[in-house]
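Chains, contacts and geometry: an overview
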Amino acid sequence: MKKILVATEKPFAPAAVAQIKEIVEAAGYSLSLLEKYSSPHELNAAVADVNALIVRSDKVSAEVVAAANELQIVVRAGAGFDNLDLEACTSKNVVAMNTPGQNSNAVAELVFGMMVFQARNQFNGTAGTELRGKKLGIHAYGNVGLYVAKIAKGFGMEVYAFDPFVDDARIKADGIIPVSSVEELYSTCQYVSLHIPANDKTKKSINADLLDKMPEGAVLINTARKEVIDEEGVVALMEKRADFAYLSDIAPDNMAVFEEKFPGRFFFTPKKMGAQTSEANINAGVAAANQIVKFFKNGDETFRVNK
Ligand code: 3PG
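Residues numbered from 1 in each chain as written. Predicted model: local features only at pLDDT ≥ 70, side-chain atom pairs only at ≥ 80, totals over all residues. Heavy atoms only, no water.

Bringing the pattern of salt bridges into the picture now. Applying the stated criterion across every chain, the model contains ten salt bridges. Salt-bridge contacts for Asp 49 lead to Lys 3; the nearest nitrogen and oxygen are separated by 2.8 Å. Taken together, the residues span a long stretch of sequence, with Asp 49 in the loop between helix 2 (40–46) and strand 3 (52–55) and Lys 3 in strand 1 (residues 3–8) at a distance of 46 residues. Here Asp 253 makes a salt bridge to Lys 226, at a shortest N to O gap of 2.8 Å. (Salt bridge = Lys/Arg side-chain N within 4 Å of Asp/Glu carboxyl O. Helix = DSSP H or I, 4+ residues; strand = E, 2+ residues; numbered from the N terminus.)

Here you go:
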């Protein structure tokens, strides 16, 4: 009998776990859970005899892969798979997958929760501003960017997008204005929402020079990854520009500096919360479970991210 492990330092909603269990058991497999673990050693121990692994942002390092003697497939229930050591998976013949799009709406809604919070001066009682009529730049027009665009139009924002991997015609078809460079996006838009993955090309790419191009009252919203931000650059820019605010679903390493120097101009969720809705957990968890069943039953490798 195949053994499936759900290892989530930040657990799924109980309803999602129940549905994953149902799918796994209906396929004739067994499910075990490792939730809220505090050390990677616990994960190393838990993977020893499992055939499939479902994780969220949990680090599936070379050590984890090495410790998983029977592992055939790991599915990151979510979009970004920068937490998986793909080389280690490939060299051990382990298939790695993600579940793109399944938690995108949840992330997009959080973008607007944070934007309204900041536009209303963090609800401090003073007169804030509205989003209607303001320019929003979407940096990378993937699944989350698409939902952000739809919601932004509902707010009456003027929406721009930059994505070198997406045809302008497709962006235009959604009523969004494509721009041809990051510089153009940042110099045009008061609000910029980041949706780029963290990889060698994007790490620390959001720097002071780029951000300084943003117009008066600039607000950067990061629900992507903290690694794409040049944190020192952001601090330097916020020291120079009192009108700049930074909202992030991922607390930066230098959080104490923000607390000391920029009160009212930042907001960081205590834990990555973008995908933390019951709906997103169910969508991503169920997709992961179904992908594993299809892989074992039919050899289906749709959504494989390693070669
Ligand atoms: C993703 O890449 O899917 C999101 O960042 C969500 O990550 P999480 O599952 O750890 O909340």
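Text resumes after the structure shown.
Turning to the site of the ligand, a few remarks are in order. In the vicinity of the ligand, the contacting residues are Lys 10, Arg 56, Ser 57, Arg 76, Gly 78, Ala 79, Gly 80, Asn 103, Arg 225, Lys 272 and Ala 275. The separation between an oxygen atom of the ligand and a polar side-chain atom of Lys 10 is 2.7 Å. The separation between an oxygen atom of the ligand and a polar main-chain atom of Gly 80 is 2.8 Å. Considered on its own, the ligand offers 320 Å² of accessible surface; in the complex 94% of this is hidden by protein. (Near = heavy atom within 4 Å. Polar contact = N/O pair within 3.5 Å; in protein donor to acceptor, adjacent residues only side chain to side chain. Areas by Shrake-Rupley, 256 points an atom, 1.4 Å probe, with all protein chains shown as cover.)

Next up on the list: the sheet that holds strand 5 (residues 95–98). The five strands lie next to each other as 2-1-3-4-5, forming an open sheet whose pairing is parallel. One side of each edge strand has no neighbouring strand; the edge strands of this open sheet are strand 2 (30–35) and strand 5. Averaged over neighbouring strand pairs, the angle between their axes works out to 15° when direction is ignored. Across four bridges, strand 4 (residues 73–76) lies against strand 5 in parallel orientation. Directly across from Val 74, in strand 5, lies its bridge partner Ala 96. Across the sheet, helix 1 (residues 14–26) is in contact with strand 1, strand 2 and strand 3; its angle to strand 2 comes to roughly 155°. (Pairing = 2+ DSSP bridges. Axes fitted to C-alpha atoms, helices over the stretch in contact; angles between N-to-C directions. Contact = heavy atoms within 4.5 Å.)

Looking now at the side chain of His 195. Residue placement: His 195 occurs in the loop between strand 9 (191–194) and helix 9 (208–211). Assessed through its relative accessible area of 14%, His 195 is described here as buried. Here Ser 193 takes part through its side chain, which lies 2.7 Å from a polar atom of the side chain of His 195. (Buried < 20%, exposed > 50% of the residue type's maximum accessible area, 1.4 Å probe, protein only.)

Alternating residues of strand 10 (residues 219–222) divide into Val 219 and Ile 221 and Leu 220 and Asn 222, and every residue in both groups is buried. Sheet topology note: the strand 9/strand 10 ladder contains four bridges and is parallel. Paired with Ser 193 across the strands is Ile 221, a residue of strand 10. In this sheet, strand 11 (residues 245–248) lies alongside strand 10 in parallel orientation, the contact comprising four bridges.

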